Amino acid sequence: QVRLVESGGGLVQAGGSLRLSCAASGSVFSMNSMGWYRQTPEKQRELVATITRSGSANYADAVKGRFTITRDNAKNTVYLQMNSLKPEDTAVYYCHAAYITRALTSFNDWGQGTQVTVSS
């Protein structure tokens, strides 16, 4: 099984930057798509950005041009660089990973979530 450990959340002023990291530990045969999602009490969990193993990224319209998702396949780690942060970016950010275990079983796992708060 794979455990996803997130870090990098915190409090930042509007216009500032944060970098989130999510490291996957455990046995995995193939780490496929990884991504970041966010959730607030007012909204359902929504996609922020995803990235394939080959590096193709997809972003929500609200973060295009401001956020950048990258991954290090050797470390099984995905990153989210967040620039020009806005108060509306405030949310709990969750890491997601889709992978194949060494038993050749498909899994989808979530991290514990990390709070990002942007003050005005």
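Above this text sits the structure in question.
S.K.: Quick one: what's the story with the environment of Gly-15, residue by residue and with numbers?
M.R.: With respect to the element layout, Gly-15 can be found in the loop between β2 (10–13) and β3 (18–26). Residue Gly-15 is classed as exposed on the basis of its relative accessible area of 54%. Between the alpha carbons of Gly-15 and Thr-90 there is a distance of 13 Å; along the sequence they are 75 residues apart. Once residues lying within four places of it in the same chain are set aside, the contact partners of Gly-15 are Ser-84 and Leu-85.

S.K.: Please set out the side chain of Asp-109 residue by residue, giving values where relevant.
M.R.: The topology assignment puts Asp-109 in strand β10 (residues 106–110). An unpaired buried charge is present at Asp-109: no salt bridge exists, and Arg-3, the closest side chain of opposite charge, is 10 Å distant. At 2.4 Å, the side chain of Asp-109 and the side chain of Tyr-99 are in polar contact. Those residues within four positions of Asp-109 in sequence are excluded, and the remaining contacts are Gln-1, Val-2, Leu-4, Cys-95, His-96, Ala-97 and Tyr-99.

S.K.: How would you summarise the sheet that holds strand β1 (residues 2–7) if you had to cite specific residues and measurements?
M.R.: The four strands are arranged β1-β3-β8-β7 in an open sheet whose pairing can be described as antiparallel. In the strand order of this sheet, the two ends are held by β1 and β7 (67–72), each with one partner. Pairwise comparison of adjacent strand axes, ignoring direction, gives a mean angle of 15° for this sheet. As paired strands, β7 and strand β8 (residues 77–82) are joined by six bridges and run antiparallel to one another.

S.K.: Lay out the side chain of Glu-6 in plain terms, naming residues and giving numbers.
M.R.: Residue position: Glu-6 is located in strand β1. Buried and unpaired, Glu-6 has no salt bridge, with Arg-45 as the nearest side chain of opposite charge at 7.9 Å. Of note is the side chain of Glu-6, whose polar atom sits 3.1 Å from the backbone nitrogen of Gln-112. Of the polar contacts made by the side chain of Glu-6, one reaches the backbone nitrogen of Gly-113; its length is 2.4 Å. Sequence-distant contacts of Glu-6, defined by excluding residues within four places in its chain, comprise Ser-21, Cys-22, Trp-36, Tyr-93, Tyr-94, Cys-95, Gly-111, Gln-112, Gly-113 and Thr-114.

S.K.: So, the pattern of salt bridges: which residues are in play, and what are the values?
M.R.: Inspection of every chain in the model, using the stated rule, returns five salt bridges. Measuring nitrogen to oxygen at the nearest pair gives 3.1 Å for the salt bridge that ties Lys-64 to Asp-61. Three or more residues joined by partner-sharing salt bridges are found here, namely Arg-38, Lys-43, Glu-46, Arg-66 and Asp-89.

About the cut-offs
Residues numbered from 1 in each chain as written. Predicted model: local features only at pLDDT ≥ 70, side-chain atom pairs only at ≥ 80, totals over all residues. Heavy atoms only, no water. Helix = DSSP H or I, 4+ residues; strand = E, 2+ residues; numbered from the N terminus. Buried < 20%, exposed > 50% of the residue type's maximum accessible area, 1.4 Å probe, protein only. Contact = heavy atoms within 4.5 Å. Lys, Arg positive; Asp, Glu negative; His and termini not counted. Salt bridge = Lys/Arg side-chain N within 4 Å of Asp/Glu carboxyl O. Polar contact = N/O pair within 3.5 Å; in protein donor to acceptor, adjacent residues only side chain to side chain. Pairing = 2+ DSSP bridges. Axes fitted to C-alpha atoms, helices over the stretch in contact; angles between N-to-C directions.

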